[in-house]
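Chain residues, written in single-letter form:
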Amino acid sequence: MSRALQHKPEMTNSRADFYGRMAAENMTPLWEVLHTLLAEEPVTDAIPHKWDYDSCRPYIMESAGVISAEEAERRVMVLENPGLKDRSCISEALYAGLQLIMPGEVAPAHRHSPCALRFIVEGTGAYTALNGEKAYMEPGDLILTPSWVWHDHGHDGDVPVVWLDGLDLPLVRGLGPVFAEPYPETEFPQGRPTGDNMARYGGNMRPFGEKITSANSPVFHFPYAEIRETVDTVSRAQDIDARHGFKLEYINPTTGGPVMPTIGTYMQKLPKGFAGDDYQTTAAWVYHCVEGSGRTHIGDETIEWKARDTFIAPAWYKHRHEADGDSFLFSFTDQPVHEKLGLFRDNM
């Protein structure tokens with residue numbers, strides 16, 4: 001690699017004068033920033049970090065008394081990466097937040113161009129509806145709200161419900177096409193009955209004659225009880241991965257690809273005593289512990305985690321997991337974008 005690509009040229013008085021004069025035309029010299037724009041390896045401002053749910057929960061619950069669901073639209077506490085202050089994102093391309101809905105509340109229908117997922121952290125009795133089809137939430141469930149699909153939330157139960165939001169909002173915002181639209185009426189009309197999406201597409205079948213044109217999964221509710229049983233069954237075959245334990249991807253049943261074009265989602269089981277090898281990837285990984293406890297070494301930092309904690313391994317940080325007992329980690333990542341653009345690398 002040439003020295004010019006790696007190092008910033010020496011500043012001289014004549015150069016400083018030249019740069020100052022050309023700035024009046026909104027121009028700047030590439031050679032002053034080339035070493036940062038084309039670094040030898042990926043550079044991220046995001047840093048490894050954990051959001052301890054026991055520490056976050058009091059603020060989540062207090063928010064119910066600070067602002068109403070009507071005023072807030074969505075009562076969410078953004079998980080902001082300390083390296084990306086005031087940017088409302090957990091990595092350069094991904095957003096995450098913890099959302100609260102209280103008994104009797106309704107979050108009205110809207111739609112937006114960024115895609116989203118909901119991973120349920122605690123509570124029962126609440127639902128998300130996609131185009132009017134309700135999916136009732138249980139802890140550990142994954143619910144998708146793909147790009148530009150009408151969705152709303154409600155709560156028929158009697159305990160607070162919290163879920164982890166994941167969106168590609170920073171990515172879409174960076175590209176430009178962010179659109180959002182509230183539903184024009186007070187209530188969205190009743191759609192298909194609860195569970196219809198799984199009945200139509202979740203059994204390796206689809207309605208006769210139907211042509212699938214969307215890259216989003218037509219199954220949008222993945223109950224944890226079924227996902228856990230699947231991962232557990234796979235783990236009994238003892239085909240363990242040295243870095244990931246037993247890790248399965250939630251997939252779009254019509255394509256075999258990720259559930260949404262820009263976000264991949266996974267569930268993995270780390271058996272008791274698991275000590276994994278390093279994993280390094282150009283994609284960022286947001287992890288959420290569903291069950292168990294352990295630690296993840298990310299770069300030079302060690303993050304201790306337990307059930308309901310959320311943490312991030314930013315892009316190109318080597319990370320490896322260790323589990324105290326049988327543990328289950330949910331994760332989401334921007335890897336599908338890297339793969340579609342031919343940019344993805346890992347240390348496999």
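Structure: see above.
Predicted, not measured: the structure shown is a model, and the values here were computed from it.

Engineer: An account of the sheet that holds strand β10 (residues 161-167) is needed here, citing residue identities and associated values.
Structural biologist: Through backbone hydrogen bonds, the strands of a sheet pair up, either in parallel or in antiparallel fashion. With respect to topology, six strands assemble into an open sheet ordered β2-β3-β10-β5-β8-β12, the strand pairing being antiparallel. The open sheet terminates on both sides in strands that have one partner only, identified here as β2 (76-78) and β12 (221-222). Pairing of strand β5 (residues 116-122) with β10 involves six bridges; the strand directions are antiparallel. When the sheet's bridge partners are listed, Glu122 is paired in β10 with Val162. The strands that helix α4 (residues 53-66) touches are β2, β3 (95-101), β5 and β10; relative to β3, the one it contacts most, it runs at about 55°.

Engineer: Run through the side chain of Thr128, naming residues and quoting values.
Structural biologist: Structurally, Thr128 can be placed in strand β6 (residues 126-130). A polar contact is formed between the side chain of Thr128 and the side chain of His153, at a distance of 2.8 Å. For Thr128, the residues in contact, after removing those within four places along its chain, are Arg118, Glu133, Lys134, Ala135, Met137, Ile143, Thr145, Asp152 and His153.

Engineer: Any chance you could break down the packing of aromatic side chains for me, citing the residues and the numbers?
Structural biologist: The tally for this structure, following the rule as stated, stands at 15 aromatic pairs. An angle of 10° between the planes, with centres 4.1 Å apart, marks the rings of Phe119 and Phe330 as stacked. Remark: Phe330 occurs in strand β20 (residues 327-333) and Phe119 occurs in strand β5; sequence separation between them is 211 residues. Residue Phe119 shares its accessibility class with Phe330, and that shared class is buried. Centroid distance Phe330 to Phe332: 6.5 Å. Interplanar angle 40°. Geometry classified as tilted. The class for Phe330 is buried, based on a relative accessible area of 0%. Through pairs of rings, three or more aromatic residues link up here, namely Tyr266, Tyr279, Trp285, Tyr287, Trp305 and Phe311. The ring centre of Tyr127 lies 4.4 Å from the NZ or CZ of Lys134, which sits over that ring.

Engineer: Describe in detail the pairing of strand β9 (residues 151-155), supporting the description with residues and values.
Structural biologist: Among the five residues in β9, five count as buried, and that is most of the element. Neither face of β9 is open: one carries His151, His153 and His155, the other Asp152 and Gly154, and all of them are buried.

Quick notes on the rules
Throughout, a residue's number is its position along its own chain's written sequence, starting from 1. This being a predicted model, a pLDDT of at least 70 is required before a residue's local features are given, and a value of 80 or more before pairs of side-chain atoms are given or counted; all residues contribute to the totals for chains, interfaces and linings. The side-chain numbers reported here are obtained from all heavy atoms of the structure, hydrogens and water having been left aside. Should DSSP find at least two bridges between two strands, the strands are regarded as paired. Segments assigned H or I by DSSP are reported as helices when at least four residues long, segments assigned E as strands when at least two residues long, and all are numbered from the N terminus. Residue contacts follow a heavy-atom distance rule, with two residues in contact if any of their heavy atoms lie within 4.5 Å. Where helices are involved, their axes are fitted lines through C-alpha atoms of the stretch in contact, as for all axes, and angles between N-to-C directions lie from 0 to 180°. Any pair of N or O atoms that falls within 3.5 Å is considered a polar contact. Within protein, one atom must be able to donate a hydrogen and the other to accept it, and sequence-neighbouring residues count only if both atoms are side-chain atoms. Under the pairing criterion, centres of Phe, Tyr and Trp rings, with the six-membered ring standing for Trp, must be within 6.5 Å; the plane angle then separates stacked pairs below 30 degrees from edge-to-face pairs above 60, leaving the rest tilted. Throughout, exposure labels follow a simple rule: accessible area from a 1.4 Å probe, protein chains only, divided by the maximum for the residue type, with under 20% read as buried, over 50% as exposed, and the rest as partly exposed. Placement of a charge over a ring requires the Lys NZ or Arg CZ to be within 6 Å of the ring centre, with the centre-to-atom vector within 35 degrees of the ring normal.

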